[in-house]
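Breakdown of the fold
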Amino acid sequence: MSLSWIFLGQLDSIETMSTSKKVITREEWERKLKDVKIRKEDMNKLVMNFLVTEGYVEAAEKFRIESGTEPDIDLATITDRMAVKKAVQSGNVKDAIEKVNDLNPMILDTNPQLYFHLQQQRLIELIRIGKVEEALEFAQEELAPRGEENQSFLEELERTVALLAFEDVKNCPYGELLDVSQRLKTASEVNAAILTSQSHEKDPKLPSLLKMLIWAQNQLDDKAAYPRINNLSTAVLEDPAI
Amino acid sequence: MKLQKMVERLTLQPDVSHWIVRSYLLHYGYQDTLNSFDTASEDTCPSSSAAQENGFGEHGDIYALNHRKVLRKLIKNGDIDTAFQKLREWYPQVVQDDTSIVCFLLHSQRFIEYIRVGFLEEAVSYGRAELAKFFSVKPVAELLEDVVALLAYNPPLESCVGYLLEMSQREFVADAVNAAVLSTNPNLKDPESCMHTVLEKLLRQLTLCSLERRAFNEDQGEAFHLHRELHGAGRAKCS
């Protein structure tokens, strides 16, 4: 009995080894693609969702008119959120904090990491304009206490304060903190927190779907050779390697 | 959930979503939206030339953008007569062959607009003058039957052919006209591109890969379905 089981087990693995991937020709693939129906209104919704979540208020309003698609959240709330985002992007962090608190004081209360990052951004802005004394005072009074509570905050605080040690701030080891990208990062964080507080999904759906496509293709690669899309911006089908 | 997390960890080319959305707006001629989008993106997203350096495709659909926007607006408002007039003026080749699919869709829509406001006599006249010839055009015969059937019902909106009175039908016609105008581009490289956006192609590929994969699994589990994804799964996600 046990011998036959072993024999069957071996047969099984031989079969799996000799099964090569199913090859789907471009012709067949394109034929199947034609049968997939994607509704225009669903694509419109996806685009509207992107505009709204990313905060393109005006574009969302125009899109509503031009396409007749209804946004999934109240456009008025976007304006407030965008004002905060813009303030951070321009380096007016104090203003941004005030606006967030006006919108909903719970946001910063329930988001210590976000609050820390905003304060850190304030510190960066003070360093940027060369206000050394003010920066040090701010770091000691506002950020140090946070650093004591949390190891990663402390590390980030230390990196930021280190900027003060260099004459040529832009080219020092932590110079990237002075980059616009740092502001954008913080702005993004605030944006997400506000969206979450408004019970809206903080991320647009489109990037997730793109990732799903990459994933689906990777999964299918195990089983079949078929025309792939390797460049998302062109959606060009590339022939299966046989 | 675990699978979702794994998928989320995949990285995308920076700004590819932005590019895809822009491409969509350009393709369908949503000019006002596009302009707002571009203005708002100035600070945060790369320009077209930088995008090309990143390996992004070209935005070819700037051709006839304003005209396409105007035509779409006319059709969305149900003003088919003016749409015809503008087409004759700007792109006569699109409406030259009066038995073409585009003409069929436009004439049908004109007929539908008469029905919508209850002008049944005008609808009948128009149908006799402009739609009768399409009964011998095989690809559209079935749709034509539905269109003409609108005459039989009162109120037409609640009938089985009521879908023709929805805004989605106007949009369908607007999209067809859009594609036809795009096809008149003398610099057109790929005729296929008139019909479909990058976004649509990506979504189709996603759906098909998902279906194929599921087929290997004896059709168990759910395959990707955009409509369901947009209307079902969407709940507030907290980090």
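Residues numbered from 1 in each chain as written. Chains lettered and ligands numbered in written order. Predicted model: local features only at pLDDT ≥ 70, side-chain atom pairs only at ≥ 80, totals over all residues. Heavy atoms only, no water.

Quick word on the confidence of the model for chain A
It should be kept in mind that the predicted coordinates are not to be read in detail where pLDDT is low. So the rule is basically this: pLDDT: the predictor's confidence for each residue, scored from 0 to 100. Contact between two residues is taken to exist if any of their heavy atoms lie within 4.5 Å; hydrogens are not considered.
Residues of chain A with pLDDT of at least 70 account for 91%, and the chain-wide mean is 87. The low-confidence segment residues 12–18 of chain A, where pLDDT is below 50, has zero contacts with residues more than four positions distant or belonging to other chains.

Re the interface of chain A and chain B
To be explicit about the condition: Buried area: the accessible area, evaluated with a 1.4 Å probe, that two parts lose upon being put together, summed over both parts. Any carboxyl oxygen of Asp or Glu within 4 Å of a side-chain nitrogen of Lys or Arg constitutes a salt bridge here. Secondary structure elements follow DSSP: runs of H or I of four or more residues count as helices, runs of E of two or more count as strands, with numbering from the N terminus. Under the scheme applied here, ten amino acids are nonpolar (Ala, Val, Leu, Ile, Met, Phe, Trp, Tyr, Cys and Pro), four are charged (Asp, Glu, Lys and Arg), and all others, including Gly, are polar.
Counting from both sides, the interface comprises 58 residues of chain A and, opposite them, 62 residues of chain B. Taken together, the two surfaces of chain A and chain B that pack against each other cover about 5,700 Å², and 70% of this comes from carbon and sulfur. Applying the counting rule to chain A against chain B returns five salt bridges. Put simply, Lys40(A) and Glu171(B) hold a salt bridge, and the shortest N to O gap is 2.7 Å. Counting only elements with at least two residues in the side of chain A that touches chain B, the list comes to helix 2 (26–35), helix 3 (40–53), helix 4 (57–67), helix 11 (180–197), helix 12 (205–221) and strand 3 (228–229) of chain A. Residue composition of the side of chain A that touches chain B, grouped by class: 31 nonpolar, 11 polar and 16 charged.

As for the UniProt feature "domain: CTLH" (unreviewed entry) in chain A
For clarity, the cut-off: UniProt positions are given in the numbering used here, feature names are shortened, and annotations may be inferred rather than shown by experiment.
Per the UniProt annotation, the sites labelled "domain: CTLH" (unreviewed entry) are residues 77–134 of chain A. Structurally, residues 77–134 of chain A is divided into 83% helix and 0% strand, and its ends, taken at the C-alpha atoms, are 35 Å apart.

Observations regarding the nonpolar core
Rule in force here: Here the nonpolar core consists of buried residues drawn from Ala, Val, Leu, Ile, Met, Phe, Trp, Tyr and Cys, with membership extended through side-chain atoms lying within 4.5 Å. Exposed residues in this analysis have more than 50% of their type's maximum accessible area, buried residues have under 20%, and partly exposed residues fall in between, with area computed by a 1.4 Å probe over protein chains only.
If you look at the biggest cluster of nonpolar residues, it comprises 54 residues, and the most contacted ones within it are Trp29(A), Leu199(B) and Leu202(B). Not counting the four nearest positions on each side in its chain, Leu199(B) is found in contact with Met43(A), Leu46(A), Val47(A), Leu206(A), Ile20(B) and Tyr24(B). Formed by 37 residues, the second largest nonpolar core is a distinct cluster that contains Leu71(B), Leu74(B), Phe84(B) and Val102(B).

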